[in-house]
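If you want the building blocks of each chain, they are given just below.
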Amino acid sequence: MNAIRIRFKPLLVLVSTVLTFVFLLGIGGEMFHSSVRMLESNLRIVNDARFSQTANDIENKLIGMEKLTGYLKSSADLQEYIDILEDKSGSIYARVEAEYAMEQLIAVAEQSNPAIQSIHLLTASNQIFTKNAALFAYPLPALDSFARMDEIAFMRGGSAFAEGAERLRDLTFLATSIVGKEAVLGLLLVVIKNDFFAGMAGSSRMLVVGGNNEVIWRGSQVSDRILLQLTDSFRQDDWRTKYADDDTYLVNEVNFHQWKVAYMPDKSLLAANRSITVRLFATVLLGCLFLSFICAELISRRVLQRLYGLMKLINGNFQSGSNQYYEASAKLRGRATLRTKLFVYLLMSVTFPVMLFVAVLFVQHTYGFSAKIKDAYVAIFEKNAGELASYFSSKQEVLKRVASNSLTEEAVLRTSDAAVQRASGLLYQQTFFGLEKDSLQVYNDENRLVAHIGNGYTESDSFFYEQVRRQKLGYVLLPLVDDLGRPVLCIGMPIIEGNRFIGYVKIEIDQAFLAQKFRSFNMAGSSLFLMDDDGTVLADEAGKTLGVRIDASREGSRGIADVRVGDRRAYLFYREIATLGIYFAGLYDREAFLAESMELLKKDGYLMATITLLTALLAFVLAKLLRNPLNRLSGTLANLGVDNSYEKIEETGVIDEIDKVGQAFNGMIDRIEDLIDETIVTNALRSSMEGEKKDAEIAVLQAQISPHFLYNTLDTIRYMIASNHGGRAIQMVAALSDLFRYGINRDGIEIGIEEEVEYARAYCDIMEMRYDSNVLFTWHVDQEAYDYATIKLLLQPMIENAIEHGIYESGGSGVIAISCTSEQEHIRFVVEDNGRGIDPEELENIRRQLAGADRPKRIGIYNVHSRLRLYYGDQGRLALDSVKDEGTKVTILIPKRERQRPFV
């Protein structure tokens with residue numbers, strides 16, 4: 001059985017391609033999982049931030065609603081209004097005024113919390129509400145039909161209240177009784193907006209469960225399975241945040257009736273990026289494998305060039321019997337060994353595609369994933385911006401409400417204890433109507449504090465006082481310093497009586513609230529802050545950048561701008577807040593993600609080192625495996641002919657090329673005598689062909705320098721002398737002399753193109769003088785063509801034919817264009833005239849004669865065509881094109897052969 005033979009080049013290509021594929025899979029898999037883990041980590045931060053904000057938002061609004069309900073429940077003013085309204089013996093005016101005051105109080109309460117849909121007050125004989133329809137039909141149910149509620153109860157549709165009003169079945173609300181000294185004065189219902197939860201970010205993936213595990217809200221994407229799993233966890237008190245591959249959910253307990261909010265993070269972004277990443281990995285993998293194959297083809301050809309040359313030479317000698325010799329390089333010292341070449345080959349064909357693969361994935365990871373993370377942070381920023389806009393809008397409403405109240409005006413004008421006490425009650429009321437934990441202060445026109453509420457307050461300096469005084473209407477926002485030396489953001493509004501400034505109201509923004517918003521960017525180098533229209537920071541998380549100016553080209557009231565913070569590049573998100581002339585802004589560090597990606601790349605650096613070591617080891621092993629058969633082959637070839645010994649080469653191994661070289665060598669030994677005989681015959685045939693070429697050249701010279709041509713030329717010279725044109729006669733004699741010198745003094749068959757052109761120009765000069773300038777010659781010659789050689793007398797016969805058969809026969813005048821151009825592999829000669837042209841039949845006959853053995857009438861064309869075929873074979877071509885009465889064009893193509901310049 002014959003042994004399996006493997007071709008050398010396919011073996012190298014296969015080895016390098018397989019290695020590249022294995023390495024790419026290993027590195028690609030590692031980088032893919034590392035990238036996904038990194039993306040998951042960043043998205044978890046984003047989801048945690050989003051969910052934390054959502055849970056805090058729900059908690060703050062519900063607790064604020066509950067506190068507002070408690071304030072209304074215990075409001076002495078509200079109880080007084082109910083007493084007046086229910087006292088039928090009182091005046092109608094007093095009851096109308098009390099009802100109006102109640103409606104105003106409820107309207108302000110409704111506006112203070114965006115989660116409130118409406119507030120309803122049911123008394124023994126009246127329903128008080130400001131919008132929507134009445135909840136109870138008349139006649140009203142008796143208050144004693146409702147159980148007395150000393151606490152604030154949370155009610156949903158289907159509760160006992162639904163029996164008293166059909167509309168309550170579809171509502172969620174807080175209910176409590178307003179109790180006087182002993183009796184129940186009324187029933188207070190604070191209705192929560194139907195779309196309260198639906199308006200939250202990610203509400204479709206959110207689940208809100210009450211203290212008794214009743215479902216308060218269920219998003220459309222919360223499946224029954226997840227619902228059961230979560231409620232079971234709540235019952236087992238195992239509801240902390242869980243991360244899992246299948247069901248990841250976040251849970252927070254809300255400080256409102258032991259509610260719990262669960263959130264299933266949006267996996268679509270991660271799934272989409274995984275899908276994109278997989279497709280990208282597959283595309284880059286195939287591209288790099290193709291690149292590896294191309295590199296292997298190109299480099300292996302270079303590595304095996306001399307081996308293939310030797311094999312081709314031996315096989316050629318073996319099959320054709322020719323006697324060709326291997327040309328060894330003179331610079332053997334310092335040449336790379338096969339082992340070195342194989343190492344370089346594998347290094348380039350394997351590591352280059354792998355490094356390109358890593359580079360492409362790194363770029364995609366850095367810029368593709370970072371864009372996704374940036375978009376997620378933009379979503380966080382926009383949510384915070386919306387909440388801040390609502391927050392500052394509520395502060396503006398509080399300022400407007402307090403500054404325009406008559407109790408405030410009375411306090412700053414009279415400053416009596418009673419007036420200040422009433423004003424303090426008004427300030428206390430604002431803590432439930434939008435002030436929340438912020439500090440609220442009232443100052444008179446002398447910048448002295450009249451009343452305040454809240455923890456701590458700043459001492460207003462003269463600058464703030466002057467800014468507020470100039471406003472008349474509107475707001476002033478400035479950073480001040482509190483009594484502990486901390487920066488505090490303050491909003492002020494003047495108190496105006498008529499057109500007179502009598503004081504102002506100031507709110508100090510709760511630093512804890514702002515700090516919670518500023519901490520939303522949980523990423524190194526990124527931050528949130530407030531800035532004015534000039535880009536100066538007014539408030540941040542720790543006060544470290546207070547007063548720093550951010551240079552950025554902002555367009556409009558919201559957008560994203562590129563900025564540089566120190567030596568780092570960042571994105572600046574900004575959005576204008578209300579009408580205060582301030583912007584909520586965020587910096588997203590663009591280089592932080594790049595640094596994280598670099599760390600990821602460094603962690604995978606050991607893979608590249610492993611690849612390099614494996615490549616070097618494989619190169620060594622391959623070189624060792626190939627060394628023995630090559631050494632045996634080399635030793636046998638070195639001993640060829642020593643002491644007239646001709647030993648045959650034994651089996652050289654499994655490499656097909658090496659084995660073929662050995663077989664060819666054995667065949668050469670068997671047929672060495674036959675090859676000598678064949679060489680002798682070949683030399684004889686070559687000598688015969690050289691003689692034929694010489695004969696053809698002599699025939700051309702004889703045909704061109706004919707007695708008829710000499711007679712006409714000398715006769716023209718005689719005429720010029722007789723006509724006193726001695727100067728032109730001398731020029732013609734000189735041109736004729738050059739013509740003879742060219743034909744007589746050149747021993748070689750090939751000459752430089754420059755000499756061929758000069759000879760043709762001399763001939764044209766003679767013809768131009770002979771025909772008295774009726775024949776015009778134009779020349780176009782590439783200087784680059786002068787570096788190459790041609791056989792003699794290509795142009796002159798074609799020019800002569802153009803004159804004799806083209807111009808002369810058409811009337812004796814015309815233009816002949818001669819060109820010589822250098823192309824990629826050929827030199828192109830063109831001789832074109834505008835003479836009478838050739839009849840189609842005659843043209844076809846000439847072409848047929850050129851292709852056959854018979855000589856045509858135009859001997860010049862035949863000689864040129866024959867010599868082209870003799871010297872250049874198929875590489876030398878002559879083409880003849882002609883149109884009757886328009887002209888003839890002859891094109892000659894010869895291969896480029898460098899000109900042999902004489903030694904100096």
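If you're wondering where the values come from, they're calculated on a predicted model, not measured in any experiment.

### A few points about the overall build of the protein
Part 1 of the reasoning: When helices and strands are tallied, the protein shows 21 helices and 26 strands.
Part 2 of the reasoning: In the protein, which comprises 904 residues, the share counted as buried stands at 47%.
Part 3 of the reasoning: Of all intrachain contacts in the protein linking residues separated by at least 6 positions in sequence, the fraction that spans at least 24 positions is 63%.
Part 4 of the reasoning: Per element, the accessible surface of the protein, about 46,000 Å² overall, is 52% carbon and sulfur.

### With respect to the packing of helix α3 (residues 92-112) against helix α9 (residues 417-435)
Part 1 of the reasoning: One can describe the packing of α3 onto α9 by two numbers: an axis separation of 8 Å at closest approach and a directional angle of 45 degrees. Between α3 and α9, the crossing angle belongs to the class labelled oblique. Mapping the contact onto sequence places Leu 105, Val 108, Ala 109 and Ser 112 in α3 and Gln 429, Phe 432, Phe 433 and Gly 434 in α9.
Part 2 of the reasoning: Per-class residue counts for the contact of α3 with α9 are 5 nonpolar, 3 polar and no charged.

### Observations concerning a nonpolar patch on the surface
Part 1 of the reasoning: On the surface, Leu 14, Val 18, Phe 21, Val 22 and Leu 25 cluster together into a nonpolar patch covering about 440 Å² of accessible area.
Part 2 of the reasoning: Its relative accessible area of 47% is what places Val 22 among the partly exposed residues.

### A look at the pattern of salt bridges
Two side chains carrying opposite charge are able to pair once their charged atoms lie near each other.
Part 1 of the reasoning: Enumeration according to the criterion identifies 20 salt bridges in this entry.
Part 2 of the reasoning: Glu 508 is the salt-bridge partner of Lys 506, the closest N and O atoms lying 3.9 Å from each other.
Part 3 of the reasoning: Overall, Glu 508 belongs to the buried group, its relative accessible area being 6%.
Part 4 of the reasoning: Notably, a salt bridge pairs Asp 551 with Arg 549, separated by 2.2 Å at the nearest N-O pair. Judged on exposure class, the residue Asp 551 and its partner Arg 549 are both exposed.
Part 5 of the reasoning: Here the residues in one salt-bridge network are Glu 382, Arg 558 and Arg 575, joined through shared partners.

### Notes on the nonpolar core
Part 1 of the reasoning: Core analysis: the largest hydrophobic core is formed by 53 residues, its most contacted members being Ile 799 and Ile 892.
Part 2 of the reasoning: For this core, the element with the most residues is helix α18 (residues 753-770), which contributes 9 residues.
Part 3 of the reasoning: The contacts of Ile 799, once residues within four sequence positions are left out, are Ala 760, Tyr 763, Cys 764, Phe 777, Trp 779, Ile 816, Ile 818 and Val 831.

### Considering the sheet that holds strand β14 (residues 500-508)
Part 1 of the reasoning: Taken together, 5 strands build an open sheet; the order of strands is β11-β10-β14-β13-β12 and the sheet is antiparallel. The open sheet has two edge strands, β11 (449-453) and β12 (476-481), and neither has a second partner. Each adjacent strand pair in this sheet contributes to an overall mean axis angle of 25 degrees, direction not counted.
Part 2 of the reasoning: As paired elements, strand β13 (residues 487-497) and β14 share 8 bridges and run antiparallel to each other. Its bridge partner lying in β14, Met 493 is registered against Val 505.
Part 3 of the reasoning: Where helix α10 (residues 462-471) meets the sheet, its contacts fall on β10 (439-444), β12, β13 and β14, and the angle it forms with β12 comes to roughly 170 degrees.

### Let's talk about unusual backbone geometry
Part 1 of the reasoning: Here the phi dihedral of Leu 793 falls at roughly 55 degrees; this positive angle occurs in a residue that is not glycine.
Part 2 of the reasoning: By the element assignment, Leu 793 lies in the loop between β22 (789-791) and α19 (795-810).

### A few points about the pairing of strand β5 (residues 184-192)
Consecutive residues of a regular strand have side chains that alternate between opposite faces of the sheet.
Part 1 of the reasoning: Of all the 9 residues making up β5, 8 are buried; the element is thus mostly covered by neighbouring parts of the structure.
Part 2 of the reasoning: With 6 bridges joining them, strand β1 (residues 116-122) and β5 adopt antiparallel strand pairing. Counted as the bridge partner of His 120 is Leu 189 from β5.
Part 3 of the reasoning: As paired strands, strand β4 (residues 172-179) and β5 are joined by 8 bridges and run antiparallel to one another. Each bridged residue has a counterpart across the sheet, and for Ile 178 the counterpart in β5 is Gly 186.
Part 4 of the reasoning: Connecting β4 to the next strand, β5, in antiparallel fashion are 4 residues.

### Brief notes about the environment of Ser 527
Part 1 of the reasoning: Locating Ser 527 in the fold gives a position in strand β15 (residues 527-532).
Part 2 of the reasoning: Judged by its relative accessible area of 28%, Ser 527 is partly exposed.
Part 3 of the reasoning: Between the C-alpha atoms of Ser 527 and Tyr 588, which are 61 residues apart in sequence, the distance is 7.0 Å.

### Some remarks on the packing of aromatic side chains
Part 1 of the reasoning: Under the counting rule described, the total for this entry stands at 18 aromatic pairs.
Part 2 of the reasoning: A centroid spacing of 5.2 Å and a plane angle of 80 degrees characterise the contact between Tyr 428 and Phe 432, whose relative ring orientation is edge-to-face. Of this pair, Tyr 428 and Phe 432 both sit in helix α9, 4 residues apart, roughly one helical turn.
Part 3 of the reasoning: On the accessibility criterion, Tyr 428 (44% relative accessible area) is partly exposed.

### Observations concerning helix α20 (residues 840-851)
Part 1 of the reasoning: Under the 1.5 Å per step criterion, the end-to-end length of α20 is 17 Å for 12 residues, consistent within 8% with the ideal 16 Å.
Part 2 of the reasoning: Of the positions making up α20, those classed as buried are Leu 843, Ile 846 and Leu 850. Projected onto a plane normal to the axis of α20, the buried residues spread over an arc of 60 degrees and lie on a single side. Projecting away from the buried face of α20 at angles above 90 degrees are the exposed residues Pro 840, Glu 841, Arg 848 and Ala 851.

### Considering the sheet that holds β15
Part 1 of the reasoning: Taken together, 5 strands build an open sheet; the order of strands is β16-β15-β19-β18-β17 and the sheet is antiparallel. For this open sheet the edge positions go to β16 (537-539) and β17 (558-565), each flanked by a neighbour on one side alone. Here the strands of the sheet are splayed against their neighbours by 40 degrees on average, with no regard to which way each runs.
Part 2 of the reasoning: Alignment of β17 against strand β18 (residues 568-577), held across 8 bridges, turns out to be antiparallel.

### Focus on the packing of helix α2 (residues 76-86) against α3
Part 1 of the reasoning: Put simply, α2 and α3 touch, their axes get as near as 8 Å, and they point 145 degrees apart. For the pair α2 and α3, the sense of crossing is left-handed. Contact with α2, carried on its side by Leu 78, Tyr 81, Ile 82, Ile 84 and Leu 85, involves Ala 94, Arg 95, Ala 98, Glu 99, Ala 101, Met 102 and Leu 105 of α3 and no other residues of that element.
Part 2 of the reasoning: Across the contact of α2 with α3, the residue classes break down as 10 nonpolar, no polar and 2 charged.

### Describing the environment of Val 278
Part 1 of the reasoning: Residue placement: Val 278 occurs in helix α5 (residues 268-303).
Part 2 of the reasoning: Between the alpha carbons of Val 278 and Gly 29 there is a distance of 10.0 Å; along the sequence they are 249 residues apart.

### Looking at helix α8 (residues 406-414)
Part 1 of the reasoning: Restricting attention to buried positions, one finds in α8 the residues Thr 408, Glu 410, Ala 411 and Val 412.
Part 2 of the reasoning: A side-chain oxygen of the first residue of α8 lies 2.8 Å from the backbone nitrogen of Leu 407; this N-cap is Asn 405.
Part 3 of the reasoning: In the stretch just after α8, Thr 415 is the one whose phi turns positive, near 50 degrees.

### Considering the confidence of the model for the protein
Part 1 of the reasoning: Per-residue confidence for the protein gives a mean pLDDT of 76; residues scoring 70 or more make up 69%.
Part 2 of the reasoning: This stretch, residues 329-334, has a pLDDT under 50; its non-local contacts, to residues over four places away or in other chains, come to 2 contacts.

Conventions we followed
Residues numbered from 1 in each chain as written. Predicted model: local features only at pLDDT ≥ 70, side-chain atom pairs only at ≥ 80, totals over all residues. Heavy atoms only, no water. Helix = DSSP H or I, 4+ residues; strand = E, 2+ residues; numbered from the N terminus. Buried < 20%, exposed > 50% of the residue type's maximum accessible area, 1.4 Å probe, protein only. Contact = heavy atoms within 4.5 Å. Areas by Shrake-Rupley, 256 points an atom, 1.4 Å probe, with all protein chains shown as cover. Axes fitted to C-alpha atoms, helices over the stretch in contact; angles between N-to-C directions. Parallel < 35°, antiparallel > 145°, perpendicular 65-115°, else oblique. Nonpolar A, V, L, I, M, F, W, Y, C, P; charged D, E, K, R; others polar. Patch = residues over 30% accessible without salt bridge, like charges linked within 9 Å, V, L, I, M, F, W, Y side chains within 5 Å. Salt bridge = Lys/Arg side-chain N within 4 Å of Asp/Glu carboxyl O. Core = buried A, V, L, I, M, F, W, Y, C linked by side-chain atoms within 4.5 Å. Pairing = 2+ DSSP bridges. Phe/Tyr/Trp six-rings, centres within 6.5 Å; stacked < 30°, edge-to-face > 60°. Expected span 1.5 Å × (residues − 1). Arc of directions from axis to C-beta. Left-handed = near helix turned anticlockwise from the far one by under 90°. Polar contact = N/O pair within 3.5 Å; in protein donor to acceptor, adjacent residues only side chain to side chain. pLDDT = per-residue confidence, 0-100.

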